[in-house]
Number of protein chains: 4
Amino acid sequence: MKTNTTKHWLYVTIFGTHTKAGRIFDISLIVAIITSLVVLVLGTIEPYASRYQTELALIEYLFTALFTIEYLLRLYCSPKPAAYAKSFYGVVDLLAILPTYLQLIVPNAHFAVIIRLLRVMRIFRVLKLVQYLKDSNMLMRSLFMARRKILIFFSMVAILVTIFGATLYVIEGPDNGFTSIPMSIYWAIVTITTVGYGDIYPVTALGKAVAALVMLLGYSILAVPTGIITAEMNQEMSAHRTLVKCPNCAKTGHENDALHCKHCGSELATPSERVVNPDED
Amino acid sequence: MKTNTTKHWLYVTIFGTHTKAGRIFDISLIVAIITSLVVLVLGTIEPYASRYQTELALIEYLFTALFTIEYLLRLYCSPKPAAYAKSFYGVVDLLAILPTYLQLIVPNAHFAVIIRLLRVMRIFRVLKLVQYLKDSNMLMRSLFMARRKILIFFSMVAILVTIFGATLYVIEGPDNGFTSIPMSIYWAIVTITTVGYGDIYPVTALGKAVAALVMLLGYSILAVPTGIITAEMNQEMSAHRTLVKCPNCAKTGHENDALHCKHCGSELATPSERVVNPDED
Amino acid sequence: MKTNTTKHWLYVTIFGTHTKAGRIFDISLIVAIITSLVVLVLGTIEPYASRYQTELALIEYLFTALFTIEYLLRLYCSPKPAAYAKSFYGVVDLLAILPTYLQLIVPNAHFAVIIRLLRVMRIFRVLKLVQYLKDSNMLMRSLFMARRKILIFFSMVAILVTIFGATLYVIEGPDNGFTSIPMSIYWAIVTITTVGYGDIYPVTALGKAVAALVMLLGYSILAVPTGIITAEMNQEMSAHRTLVKCPNCAKTGHENDALHCKHCGSELATPSERVVNPDED
Amino acid sequence: MKTNTTKHWLYVTIFGTHTKAGRIFDISLIVAIITSLVVLVLGTIEPYASRYQTELALIEYLFTALFTIEYLLRLYCSPKPAAYAKSFYGVVDLLAILPTYLQLIVPNAHFAVIIRLLRVMRIFRVLKLVQYLKDSNMLMRSLFMARRKILIFFSMVAILVTIFGATLYVIEGPDNGFTSIPMSIYWAIVTITTVGYGDIYPVTALGKAVAALVMLLGYSILAVPTGIITAEMNQEMSAHRTLVKCPNCAKTGHENDALHCKHCGSELATPSERVVNPDED
């Protein structure tokens with residue numbers, strides 16, 4: 001069946017990254033996404049936006065046409081079109097083309113800017129490609145392993161900024177820019193993260209003293225997420241896990257010096273037999 | 001004795017977190033605390049505060065009633081009511097309800113805001129729950145182990161900001177915003193923590209040069225607390241490995257999720273059987 | 001010889017920290033130094049400075065008298081008075097009392113503020129005490145071990161801020177606040193250390209683009225000193241060096257599992273014989 | 001052949017750093033480069049620039065003459081003059097002298113400033129010298145090893161600032177300073193790197209909420225490059241240990257400054273005999 005072969009070839013090329021054609025397609029797609037984003041971005045800079053309105057609109061239609069063809073091809077060659085359409089990337093792909101069509105029906109300047117923004121989400125495809133890189137995997141795994149610790153850390157930060165924000169609201173009051181508790185919490189976040197815009201800052205002596213405390217606290221708790229992620233990365237690096245797969249239960253994540261699977265106890269390939277640096281995926 | 005059983009059940013539910021009912025109670029309590037805080041926060045935003053004054057006051061009374069019932073139940077079911085009432089959380093629980101009752105007797109707009117603020121301290125109960133999580137324990141223990149080093153570090157920072165603050169006060173003087181040494185110390189803290197509001201900054205060439213030195217110093221001493229906490233976490237993490245010993249080959253150094261010895265393949269004690277947190281209170 | 005015994009007792013008390021009297025003296029001295037500094041600091045805040053001028057001057061004379069007695073006692077009981085007078089702390093101790101006497105001869109408001117500032121240097125005595133703490137030693141040793149790496153790092157930062165400062169000077173020019181290359185280097189330091197006062201910032205599009213590059217660079221090189229110090233601390237912590245002393249060459253800094261001195265090869269006390277946690281110095 | 005010997009001596013002195021004469025030449029050169037840069041920098045500060053115009057121009061010509069002689073000597077003594085002229089440092093050396101000659105032909109105030117700036121690049125020679133230091137090598141190798149991870153990290157940051165920049169552009173709009181998407185991306189970079197100039201900041205409540213999210217995100221992803229570099233440095237530092245092997249008991253893991261085996265006390269190869277930097281170029 002020739003159709004099937006073509007369909008499969010399309011599937012491997014469009015969805016996969018292991019064939020040469022697949023890689024060419026992915027790189028072309030990324031170039032197209034970034035170019036369309038650059039055009040979108042340039043279209044917000046005055047006076048260029050007004051002067052080249054027609055040209056920018058034309059390029060916009062061209063990219064929409066290209067992404068529409070790509071979307072239809074993805075639907076066609078996917079073994080489960082409905083599953084693809086409902087998946088995260090399926091929705092993102094649709095959202096990348098829908099705005100331009102909607103704009104033809106509902107012309108509205110401000111609304112157009114918002115819906116065009118959705119195109120930005122397409123850039124996540126670039127992230128998807130990045131996932132195939134080994135180093136990226138390590139970064140992601142470190143962040144994933146540390147997810148609970150980071151969550152706890154953010155809960156603590158949330159409590160601290162609430163308490164300090166409310167304290168400054170009471171000390172400084174609406175006259176010095178601390179107009180409400182949410183505004184004061186915003187100030188506390190700006191301060192504890194050491195951003196310090198300078199749009200709101202304490203004016204009274206007591207307010208300055210509490211602010212100094214918040215800063216020094218922020219300064220030292222800044223160390224906590226760094227410590228979490230560094231420690232996870234150290235673990236990941238020294239262990240060099242995930243390289244070996246158990247022949248029995250197929251689970252990975254074994255350390256380099258492991259002789260038996262830590263999940264089922266089966267013997268693993270000896271370290272010398274293992275592919276130490278499997279850079280070719 | 002039925003009373004005792006009910007009392008014990010109440011105690012386990014309200015104070016404990018190990019039964020299903022206890023967990024439901026804790027989660028409901030946290031939801032109630034956060035909701036009451038959100039209402040408190042919304043009540044400071046104009047023009048909503050004025051417009052919905054009656055509604056917000058009603059919700060405030062409702063939560064006060066709820067927390068009063070909770071406080072009385074805690075006093076009733078606690079084996080040592082006096083000890084509870086005098087404990088940190090006992091005082092916090094009382095402070096959470098007292099302000100609203102005080103407000104009925106002493107109606108005063110500004111005073112009301114300050115006493116309402118005490119409600120925020122109740123959020124520490126959330127922290128208490130967080131303590132039961134293993135990862136939180138690790139974070140806390142790392143911070144606890146590093147407490148002396150962090151104290152020494154802050155002493156050094158205190159000396160540095162005093163010296164640099166006084167130096168800038170002499171160089172810049174009151175005309176450039178450095179009105180007093182405490183104000184200049186505030187500037188030094190804002191600078192060394194890299195917050196940099198921009199409300200006070202050096203104007204003279206010499207002041208700018210010293211400020212640049214303060215910044216670079218701050219930049220590099222920012223590394224010290226990070227180093228302290230990261231090193232402690234690394235110690236904690238590698239310590240977690242050595243807890244389990246293989247019953248067959250007696251080798252240690254297994255990871256926390258290991259079920260089989262990585263050296264000989266023997267079954268290890270399951271994670272639930274292990275003493276995960278040997279210093280549990 | 002009774003004089004000698006008194007002299008020796010004074011020496012041990014004033015210069016040493018190992019006897020109880022010595023510790024009491026040191027703590028009293030620190031309290032006196034900090035109190036005199038607090039008075040000095042309060043004396044710069046208007047309108048208190050003008051209102052309590054007489055009281056503040058009196059307290060100043062009292063502390064000067066106390067520190068003069070202390071200085072004379074140190075000279076008297078020191079085995080080598082000349083060596084003490086020429087040492088760093090000897091000069092600092094003299095500078096702490098000299099300004100007030102000078103002020104009696106040369107009354108000058110602004111000059112007085114500058115000379116009074118020298119009192120701040122006395123706070124280094126506090127640091128001296130801090131040195132006796134074990135954890136402080138570890139921090140200091142980590143910083144000392146990393147001194148060359150930190151120096152190289154600052155050389156790189158110096159080169160980067162020169163290049164970026166000069167670049168922004170050419171791009172933005174004197175009209176946008178970048179009045180000279182030193183001013184632009186100041187901007188580069190404010191930016192790369194993420195302080196960001198907002199007194200000078202790029203206005204042109206190209207300037208903003210280069211500034212964004214400087215920020216991202218600063219963001220990632222911020223990691224370098226942290227990495228240096230954390231790695232040194234990790235080494236210090238895992239090795240737990242300095243505990244054991246070689247019986248032959250008296251050098252310390254051996255690792256916990258060392259059986260022989262790494263400097264002269266002599267046998268060391270076996271790990272079990274060693275005082276593992278010699279908290280008492 | 002005397003010429004050859006002189007040529008070789010010149011080559012070893014000018015290009016090498018291993019002889020005493022070579023080190024003296026390098027240090028003199030660095031002093032000359034830094035002095036010429038200081039003169040260049042001072043020449044941009046008004047009113048000195050106008051007042052000492054003749055003196056500064058004279059010093060400029062003197063240094064240009066010196067660097068011209070150096071450039072010609074480098075061309076003369078280099079075994080492959082063409083290769084040197086085309087190399088990175090060859091081009092930098094030429095660019096350091098060319099501007100002054102060009103200025104004689106094309107006198108133009110603003111153009112002069114830009115071309116003079118190229119002199120700054122000469123400072124890279126200092127970096128070249130720094131490379132010979134062992135600690136610098138370790139820093140560089142850590143950064144080199146982490147280059148792929150840092151690249152992936154910056155790709156993620158680029159995507160995040162694009163998404164958040166575009167979001168704030170839509171929320172705040174041109175009236176609140178977010179005039180275009182590139183301007184909003186600039187704001188996102190200023191915020192995520194915690195610089196926070198305060199030239200652009202969110203004004204609306206929704207904008208402030210999203211900005212708070214950006215800050216907290218920036219706060220925690222600040223940890224990622226630190227984690228990467230620290231983990232690499234840890235690896236480098238522990239790797240440095242395993243290089244030396246005891247000739248008697250064949251055990252490794254000795255520290256860099258160890259003269260005797262810590263296990264059996266045998267003498268180790270002295271640090272100078274060891275291959276300190278096995279990948280020297």
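What counts and how
- Residues numbered from 1 in each chain as written.
- Chains lettered and ligands numbered in written order.
- Predicted model: local features only at pLDDT ≥ 70, side-chain atom pairs only at ≥ 80, totals over all residues.
- Heavy atoms only, no water.
- Helix = DSSP H or I, 4+ residues; strand = E, 2+ residues; numbered from the N terminus.
- Contact = heavy atoms within 4.5 Å.
- Areas by Shrake-Rupley, 256 points an atom, 1.4 Å probe, with all protein chains shown as cover.
- Expected span 1.5 Å × (residues − 1).
- Bend = angle between axes of the 7 residues up to and from the residue.
- Buried < 20%, exposed > 50% of the residue type's maximum accessible area, 1.4 Å probe, protein only.
- Phe/Tyr/Trp six-rings, centres within 6.5 Å; stacked < 30°, edge-to-face > 60°.
- Lys NZ or Arg CZ within 6 Å of the ring centre and 35° of its normal.
- Axes fitted to C-alpha atoms, helices over the stretch in contact; angles between N-to-C directions.
- Parallel < 35°, antiparallel > 145°, perpendicular 65-115°, else oblique.
- Nonpolar A, V, L, I, M, F, W, Y, C, P; charged D, E, K, R; others polar.
- Least-squares fit on C-alpha atoms with pLDDT ≥ 70 in both.
- Buried area = accessible area lost by both parts, 1.4 Å probe.
- Salt bridge = Lys/Arg side-chain N within 4 Å of Asp/Glu carboxyl O.
- Polar contact = N/O pair within 3.5 Å; in protein donor to acceptor, adjacent residues only side chain to side chain.
- UniProt positions renumbered as here; feature names shortened; annotations may be inferred.
- Patch = residues over 30% accessible without salt bridge, like charges linked within 9 Å, V, L, I, M, F, W, Y side chains within 5 Å.
- Left-handed = near helix turned anticlockwise from the far one by under 90°.
- pLDDT = per-residue confidence, 0-100.
- Core = buried A, V, L, I, M, F, W, Y, C linked by side-chain atoms within 4.5 Å.

## Points about the overall build of chain A
Phase 1 of the analysis: Looking only at helices and strands, chain A has 13 helices and zero strands in total.
Phase 2 of the analysis: Ordering the α and β elements of chain A from the N terminus gives α-α-α-α-α-α-α-α-α-α-α-α-α.
Phase 3 of the analysis: Residue pairs at least 24 apart in sequence account for 51% of intrachain contacts in chain A once pairs closer than 6 positions are excluded.
Phase 4 of the analysis: Summing over all exposed atoms, chain A offers an accessible surface of approximately 13600 Å²; the carbon and sulfur share of this is 68%.

## Details of helix α6 (residues 88–105) of chain D
All names here are of chain D.
Phase 1 of the analysis: A rise of 1.5 Å per residue sets the reference length of α6, with its 18 residues, at 26 Å; its end C-alpha atoms lie 26 Å apart and thus fit the reference within 8%.
Phase 2 of the analysis: Along α6, the helix axis deviates most sharply at L98, where the bend reaches about 30°; the proline P99 sits within four residues downstream.
Phase 3 of the analysis: Taken together, the buried positions of α6 are Y89, G90, V92, D93, A96, I97, P99 and T100.

## A few points about the packing of aromatic side chains
Phase 1 of the analysis: Enumeration according to the criterion identifies 20 aromatic pairs over all chains in this entry.
Phase 2 of the analysis: With a centroid separation of 6.2 Å and 35° between ring planes, the pair formed by Y201(C) and Y197(D) is classed as tilted. Here Y201(C) is found in the loop between α11 (181–192) and α12 (205–221), whereas its partner Y197(D) is found in the loop between α11 (181–192) and α12 (205–221) on a different chain.
Phase 3 of the analysis: Note on Y201(C): relative accessible area 30%, which makes it partly exposed.
Phase 4 of the analysis: Judged by relative accessible area, which is 1%, Y197(D) ranks as buried.
Phase 5 of the analysis: Just above the ring of Y76(B) sits the side chain of K7(B); from NZ or CZ to the centre is 5.6 Å.
Phase 6 of the analysis: Note that R74(D) overlies the ring of F15(D), its terminal NZ or CZ placed 5.0 Å from the centroid.

## Structural notes on the packing of helix α10 (residues 147–172) of chain B against helix α12 (residues 205–221) of chain B
Helix-helix packing is described using two parameters, namely the angle between the two axes and the distance between the axes.
Residue and element names in this part refer to chain B.
Phase 1 of the analysis: The N-to-C vectors of α10 and α12 enclose an angle of 170°; their axes lie 10 Å apart at closest approach. Considering their axes alone, α10 and α12 lie roughly antiparallel with respect to each other. For the pair formed by α10 and α12, the contact residues are F153, V157, L160, F164, T167, L168, I171 and E172 on the first element and L206, G207, K208, V210, L213, V214, L217 and I221 on the second.
Phase 2 of the analysis: Of the residues belonging to the contact of α10 with α12, the class tally is twelve nonpolar, two polar and two charged.

## As for the environment of F154(C)
Phase 1 of the analysis: Inspection of the secondary structure puts F154(C) in helix α10 (residues 147–172).
Phase 2 of the analysis: Given a relative accessible area of 24%, F154(C) falls into the partly exposed group.
Phase 3 of the analysis: Sequence separation of F154(C) and I189(C) is 35 residues, and the distance between their C-alpha atoms is 11 Å.
Phase 4 of the analysis: If sequence neighbours within four positions are ignored, F154(C) has contacts with L216(B) and S220(B).

## Points about the relation of the copies chain C and chain B
Phase 1 of the analysis: By a simple turn and slide, chain C fits onto chain B: the slide is 0.0 Å along the axis, the RMSD is 0.1 Å, and the turn is 90°. Interpreted geometrically, this transformation is the action of a four-fold axis.
Phase 2 of the analysis: Of all interface residues in chain C, a mere 18% are interface residues in chain B too; the two copies therefore contact each other through different surfaces.

## With respect to the interface of chain C and chain B
Phase 1 of the analysis: With 44 residues of chain C in contact, the opposing surface of chain B contributes 43 residues.
Phase 2 of the analysis: For the pair chain C and chain B, the summed buried area comes to about 3900 Å², and 77% of that belongs to carbon and sulfur atoms.
Phase 3 of the analysis: Here D199(C) ties to K208(B) by a salt bridge, and the two come within 3.9 Å at their closest N and O atoms.
Phase 4 of the analysis: There are four residue pairs in polar contact (both at pLDDT 80 or more) connecting chain C and chain B.
Phase 5 of the analysis: Within the residue set of the side of chain C that touches chain B, elements represented by two or more residues are α7 (109–117), α8 (124–130), α9 (134–145), α10, α11, α12 and α13 (223–239) of chain C.
Phase 6 of the analysis: The leading source of residues in the side of chain C that touches chain B is α13(C), at eight residues.
Phase 7 of the analysis: Classifying every residue of the side of chain C that touches chain B gives 31 nonpolar, eleven polar and two charged.

## A look at the pattern of salt bridges
Phase 1 of the analysis: Tallied over the full model, the rule gives twelve salt bridges over all chains.
Phase 2 of the analysis: Connected via shared salt-bridge partners are E70(A), R74(A) and D93(A).

## Observations concerning α11(D)
Phase 1 of the analysis: Helix length check: α11(D) (twelve residues) gives 16 Å between terminal C-alpha atoms against 16 Å at 1.5 Å per residue, within 8%.
Phase 2 of the analysis: For α11(D), a buried count of ten out of twelve residues is recorded, marking the element as mostly surrounded by other parts of the structure.
Phase 3 of the analysis: For α11(D), the full list of buried residues reads I181(D), S184(D), I185(D), Y186(D), W187(D), A188(D), I189(D), V190(D), T191(D) and I192(D).
Phase 4 of the analysis: Elements in contact with the buried residues of α11(D): α2 (20–42) of chain A, α12 of chain C together with α10 (147–172) and α12 of chain D.
Phase 5 of the analysis: At the C-terminal side of α11(D), T194(D) shows a positive phi close to 60°.

## Observations concerning the UniProt feature "transmembrane region" (unreviewed entry) in chain A
Residues and elements named next belong to chain A.
Phase 1 of the analysis: The sites that carry the UniProt feature "transmembrane region" (unreviewed entry) are, in the present numbering, residues 24–45, 150–171, 177–197 and 209–231.
Phase 2 of the analysis: The annotated region residues 24–45 carries 86% helix and 0% strand content, and the separation between its end C-alpha atoms amounts to 32 Å.
Phase 3 of the analysis: The distance from the first to the last C-alpha atom of residues 150–171 is 31 Å, and the span holds 100% helix and 0% strand.

## What about a nonpolar patch on the surface?
Residue and element names in this part refer to chain A.
Phase 1 of the analysis: A surface patch of nonpolar side chains, about 650 Å² in accessible area, is lined by Y61, L94, L98, Y101, L102, L104 and I105.
Phase 2 of the analysis: A per-element tally of the nonpolar patch places helix α6 (residues 88–105) first, with six residues.
Phase 3 of the analysis: Of note, L102 is situated in helix α6.
Phase 4 of the analysis: Using a relative accessible area of 35% as the deciding quantity, one classes L102 as partly exposed.

## Focus: the packing of α10(B) against helix α11 (residues 181–192) of chain B
Residue and element names in this part refer to chain B.
Phase 1 of the analysis: Viewed as axis vectors pointing N to C, α10 and α11 meet at an angle of 120°, and their least axial separation amounts to 8 Å. Judged by the inter-axis angle, α10 sits oblique to α11. Considering only the axes of α10 and α11, their crossing is right-handed. Contacts from V161, T162, F164, G165, A166, L168 and Y169 in α10 reach I181, S184, I185, W187, A188, I189 and I192 in α11.

## Considerations on unusual backbone geometry
Phase 1 of the analysis: A positive phi angle, close to 60°, is found at T194(C), a residue other than glycine.
Phase 2 of the analysis: Mapping T194(C) onto the fold places it in the loop between α11 and α12.

## Observations regarding the confidence of the model for chain A
Residues and elements named next belong to chain A.
Phase 1 of the analysis: The predicted model of chain A has a mean per-residue pLDDT of 76, with 71% of residues at 70 or higher.
Phase 2 of the analysis: Within the model, the stretch residues 271–281 combines pLDDT values under 50 with 14 contacts to residues more than four positions away or in other chains.
Phase 3 of the analysis: As a predicted assembly, this complex carries a pTM of 0.78 together with an ipTM value of 0.75.

## Section: the nonpolar core
For soluble globular proteins, nonpolar side chains are generally found buried alongside one another.
Phase 1 of the analysis: Judged by nonpolar contacts, the single largest core of 169 residues is most densely connected at W187(A), W187(B), W187(C) and W187(D).
Phase 2 of the analysis: Ignoring sequence-local partners within four residues, the contact set of W187(B) consists of F164(B), L168(B), F178(B), I200(B), Y201(B), P202(B), A211(B), V214(B) and Y197(C).

## Things to note about the environment of K208(B)
Phase 1 of the analysis: With respect to the helices and strands, the residue K208(B) is situated in helix α12.
Phase 2 of the analysis: Along the chain, K208(B) and I171(B) lie 37 residues apart, while their C-alpha atoms are 9.9 Å from each other.
Phase 3 of the analysis: Not counting residues up to four positions away in its chain, the partners in contact with K208(B) are E172(B), P202(B), V203(B), M183(C), Y186(C) and D199(C).

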